[in-house]
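Residues per chain are reported as follows:
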Amino acid sequence: MDFDVGARLRAIREEKGLSQRQLAIRAGVTNGTISLIEQNRNSPSVASLRKVLQGIPMSLAEFFASEMPETEKIVFRPHELVELTTEIQKRSKGRIFLRQVGGDLRNRTLQILHETYEPGADTGRTMLQHASEEGGLVIEGRIELTVGDQVEVLGEGDTYLFDSRQPHRFRNPFSEPCIMVSACTPPYL
């Protein structure tokens, strides 16, 4: 399924009655950045798109959400996980795939993700930071985790848990993909 990040951002911005300049000011980016994303001439990192969406405000999950059934679902099969980032980074190398358990998290206080970091993947030089706690488990491969000024390499079976208000970054400088399961409360993507 193709997802047009630029058209979606433009539609949401216009629905909220914001000009590109107004959204840029609210998000703390240049209006050129907004323009390039909307024209699909710039494929933003997860951190960059999240920063832009904070100016609306809107989570990544809401940005990528499709129509969800009204009944509360308890069990989710692999094909029912919501793709949050498949179309954010279209580079042939270093893609990040974040698949969320459940669709609409507005009434939830927990977000669970199945994450894949291809070789070269990086959440971005701009460190992530949000009012949450998060933890995870490396299922396969290795990942470099930076929290504050502490850098650790985690391998299969290693876990992490930290206060997400600390600047943090995930990076895969290795030759094999890294697969993880993570949880964040409250949800931030």
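A quick note: this is a predicted structure, and the numbers were derived from the prediction, not measured.

A.B. asks: Whenever I open this one, helix α1 (residues 5-15) confuses me. Can you help?
C.D. replies: Because each turn of an α-helix spans 3.6 residues, side chains separated by three or four positions in sequence point in the same direction. Among the residues of α1, those classed as buried are V5, G6, L9, I12 and R13. Within α1, the buried residues cover an arc of 135° as seen down the axis, which keeps them to one side. Buried residues in α1 make contact with α2 (20-27), α3 (31-38), α4 (46-54) and α5 (60-64). The backbone nitrogen of G6 has a side-chain oxygen 3.2 Å away, supplied by the residue at the start of α1, namely D4. The first or second residue beyond α1 is G17, which carries a positive phi of 75°.

A.B. asks: Would you explain the environment of F64 in this entry?
C.D. replies: Looking at the element boundaries, F64 is found in helix α5. Classification of F64 by relative accessible area gives buried; the value is 8%. Each C-alpha atom of the pair F64 and F3 lies 8.3 Å from the other, and the pair is 61 residues apart in sequence.

A.B. asks: What should I look at first to understand the packing of α1 against α3 in this one?
C.D. replies: The N-to-C vectors of α1 and α3 enclose an angle of 125°; their axes lie 7 Å apart at closest approach. Here α1 lies oblique to α3, going by the angle between them. Mapping the contact onto sequence places V5, G6, A7, L9, R10 and R13 in α1 and I34, I37 and E38 in α3. For the contact of α1 with α3, the class distribution of residues is five nonpolar, one polar and three charged.

A.B. asks: I would appreciate a short explanation of the sheet that holds strand β7 (residues 159-163) in the present structure.
C.D. replies: In a beta sheet, neighbouring strands pair by backbone hydrogen bonds and run either parallel or antiparallel. Within the open sheet, the six strands sit side by side as β1-β2-β3-β9-β4-β7. Their pairing is antiparallel. A single partner strand is all that each edge strand has here, and the edge strands are β1 (82-83) and β7. Here β1 pairs with strand β2 (residues 96-100) via two bridges, running antiparallel. Its bridge partner lying in β2, E83 is registered against R99.

A.B. asks: Can you walk me through the sheet that holds strand β5 (residues 143-147) in this structure?
C.D. replies: With respect to topology, three strands assemble into an open sheet ordered β6-β5-β8, the strand pairing being antiparallel. Each edge of the open sheet is held by one strand with a lone partner, namely β6 (150-154) and β8 (168-171). On average, each strand axis in the sheet is tilted by 15° relative to the strand beside it, whichever way the strands run. For β5 and β6, the ladder comprises five bridges, and the chain directions are antiparallel. Looking across to β6, one finds that L145 is bridged to E152.

A.B. asks: Explanation requested: α3 in the structure shown.
C.D. replies: Of all the residues in α3, the buried ones are I34, S35, I37 and E38. Projected down its long axis, α3 carries its buried residues within an arc of 165°, all on one side. Buried residues in α3 make contact with α1, α2 and α4. Looking one or two places after α3, you find N40, whose phi comes out positive at around 60°.

Parameters at a glance
Residues numbered from 1 in each chain as written. Predicted model: local features only at pLDDT ≥ 70, side-chain atom pairs only at ≥ 80, totals over all residues. Heavy atoms only, no water. Buried < 20%, exposed > 50% of the residue type's maximum accessible area, 1.4 Å probe, protein only. Helix = DSSP H or I, 4+ residues; strand = E, 2+ residues; numbered from the N terminus. Arc of directions from axis to C-beta. Contact = heavy atoms within 4.5 Å. Polar contact = N/O pair within 3.5 Å; in protein donor to acceptor, adjacent residues only side chain to side chain. Axes fitted to C-alpha atoms, helices over the stretch in contact; angles between N-to-C directions. Parallel < 35°, antiparallel > 145°, perpendicular 65-115°, else oblique. Nonpolar A, V, L, I, M, F, W, Y, C, P; charged D, E, K, R; others polar. Pairing = 2+ DSSP bridges.

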